[in-house]
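The chain contents come next:
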Amino acid sequence: MVIDEVFMGGRSAQERLAAALFVPAAWVGVQCDPDVAEARERVRLDRVAGMARLQAGRVYEGVVYDLVVGSVAANAADCANAVASHLTLKD
C-alpha cells in the first residue's frame, strides 16, 4: 500500500498517521527544490499558486524517513527503483 501524504503538521502529523496504521511502514520522503516545485506548480491547473513554496520546508520539519529521494536529480522511475531497492533490502 502506498499512502501519499503531505505532513503539514511535521512530526506530530507523521505520528498520528503511524498510530492509525495497523502495519509496519517504510517512510519515504520525496524532496524537491522549492524553485523547481514552484515552476511545476505553475503549469498544473489543479494547484493553488504559492502552496509549493509554503510547504517546501514545513512538511519535513521533524519528520523521520527511512529513505529520501530527490525528484529534481532523479526521474519518477529512478525514485521508484530506489524505493523498491530499499524495501527489498529491508526484507
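To be clear, the structure that these remarks concern was listed above.
Quick summary incoming for the structure in this document.

Looking now at the side chain of Glu-41. Counting through the fold element by element, Glu-41 comes out in helix H2 (residues 34-43). For the buried Glu-41, no salt bridge is present, and the opposite-charge side chain at shortest range is Arg-42, 6.5 Å distant.

To continue, consider the side chain of Ser-71. As for its position among the elements, Ser-71 is in the loop between strand S2 (67-70) and helix H4 (76-90). Here Ser-71 falls in the buried class, since its relative accessible area comes to 17%.

Taken as a whole, the largest pocket spans an internal volume of roughly 1,600 Å³. For the lining of the largest pocket, the leading source of residues is H4, giving five residues.

What follows concerns the state of the cysteines. Disulfide: a covalent bond formed between the sulfur atoms of two cysteine residues. Counted according to the given criterion, the structure contains zero disulfides. Among the cysteines around Cys-32, which has no disulfide bond, Cys-79 carries the closest sulfur, lying 9.8 Å off. With a relative accessible area of 10%, Cys-79 lands in the buried category.

Turning to helix H1 (residues 10-20), its buried residues number three or more, namely Gly-10, Ala-13, Gln-14 and Leu-17. The buried residues of H1 all sit within an arc of 100° when viewed along its axis, so they share a single face. Among the exposed residues of H1, those pointing more than 90 degrees away from its buried face are Arg-16 and Ala-19. Where H1 is buried, its residues contact helix H3 (51-58).

Rules used throughout
Residues numbered from 1 in each chain as written. Predicted model: local features only at pLDDT ≥ 70, side-chain atom pairs only at ≥ 80, totals over all residues. Heavy atoms only, no water. Helix = DSSP H or I, 4+ residues; strand = E, 2+ residues; numbered from the N terminus. Buried < 20%, exposed > 50% of the residue type's maximum accessible area, 1.4 Å probe, protein only. Lys, Arg positive; Asp, Glu negative; His and termini not counted. Salt bridge = Lys/Arg side-chain N within 4 Å of Asp/Glu carboxyl O. 1 Å grid on protein atoms, 1.4 Å probe; cavity = no way out; pocket = protein on both sides within 12 Å on 5 of 7 lines; lining within 4 Å. Points joined across faces, edges and corners; volume = space filled by probe spheres on them. Disulfide = S-S within 2.5 Å. Arc of directions from axis to C-beta. Contact = heavy atoms within 4.5 Å.

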